[in-house]
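Residues per chain are reported as follows:
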Amino acid sequence: MTHEFDKGYWERHWREGAAAGAMGGNPPNPYLAREIGELAPGTALDAGCGAGAEAIWLAGRGWRVTAADISSEALARAAERAAAAGVSEGLRWVEADLAAWTPDERFDLVTTHYAHPAMPQLEFYDRVAGWVAPGGTLLIVGHLHGHGHGHGHGHGEEHGPPAEASVTAAAVTARLDETAWEIVTAEEEHRTITGHGGAEKLLHDVVVRAVRRTAM
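Residues numbered from 1 in each chain as written. Predicted model: local features only at pLDDT ≥ 70, side-chain atom pairs only at ≥ 80, totals over all residues. Heavy atoms only, no water.

- The name an unreviewed UniProt entry gives the chain is Class I SAM-dependent methyltransferase, with Actinomadura geliboluensis as the organism.

**Side note on helix α4 (residues 72-85)**
- In this model α4 runs 20 Å from its N-terminal to its C-terminal C-alpha over 14 residues, within 8% of the 20 Å that 1.5 Å per residue would give.
- Within the span of α4, buried status applies to A74, L75, R77, A78 and A82. Projected down its long axis, α4 carries its buried residues within an arc of 160°, all on one side. In α4, those exposed residues whose orientation departs by more than 90 degrees from the buried face are E80 and A84.
- At the N-terminal end of α4, a side-chain oxygen is found 3.2 Å from the backbone nitrogen of E73, two or three residues along, and the residue is S71.
- G86 sits one or two residues past α4 and shows a positive phi near 75°. (Helix = DSSP H or I, 4+ residues; strand = E, 2+ residues; numbered from the N terminus. Expected span 1.5 Å × (residues − 1). Buried < 20%, exposed > 50% of the residue type's maximum accessible area, 1.4 Å probe, protein only. Arc of directions from axis to C-beta. Polar contact = N/O pair within 3.5 Å; in protein donor to acceptor, adjacent residues only side chain to side chain.)

**Things to note about the side chain of T43**
- On the secondary structure map, T43 appears in strand β1 (residues 43-47).
- Ignoring anything within four residues of it in the chain, the contact list for T43 reads W63, R64, R106, F107, D108 and L109. (Contact = heavy atoms within 4.5 Å.)

Okay, here's the thing in C-alpha cells:
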C-alpha cells in the first residue's frame, strides 16, 4: 500500500496510536547519543520530531531546539513530555509540513529520525541538509531499504515502512557533495527492541552523520 504521508495521514496515525497506548513514551533513538553526545550544545532542528523524545534529550543537554512536525497530535504529546521533563524553555515547537516549510535560520545540528514526508525520501534529506550551518552536523536515521518488515521503530506500522520511505546508506551519502560535506558515519545497523506489549522487534536502520565544511 502506498501512503500519502500528508497531514491527515499523520494526524490519524498519532491519534490511533495514542488510543492503542502504543506511542508517545518511546526513549530517544540510541544513535543520537552515540553520534551527537560529545558535541558542544548549540542550535538544533529536529525535523519530524513526533512525540519529542530526541528533541527533549537534546534540550536536556543544553541544546536550543526547534522541533518541527506536521502533526498537531504529536506536538501536543511532545510538549507535555517536555514540560514533565522540565526542559520546555529550551524547546520551540513548530507545526509544519516539512515538504514545504523552510526555517528562517540554519542550525548547528539538523537531525531526523524515521520521518516520512509527503515527498521522495532522498529529496527530503536534501532539504534538511540545506538547513545545516557551516561547520554544523547533519544526522539522518532512516529505514534500511529491502527490510520492510518488523522495523518496530514506534510509528506503529505493523508491516514496516513502504519501499518509498526507505533508503540505503550509499544512497544518502551519494547526495552529499564531498566538497561540501565530510562523511563521519555511514552505516546500516540492525538492532532489537522491546515493543508495545513486550514483543521483540528487529529494526533495520540507516545512520548517516556528516559535517558541513566551512568555507575555505
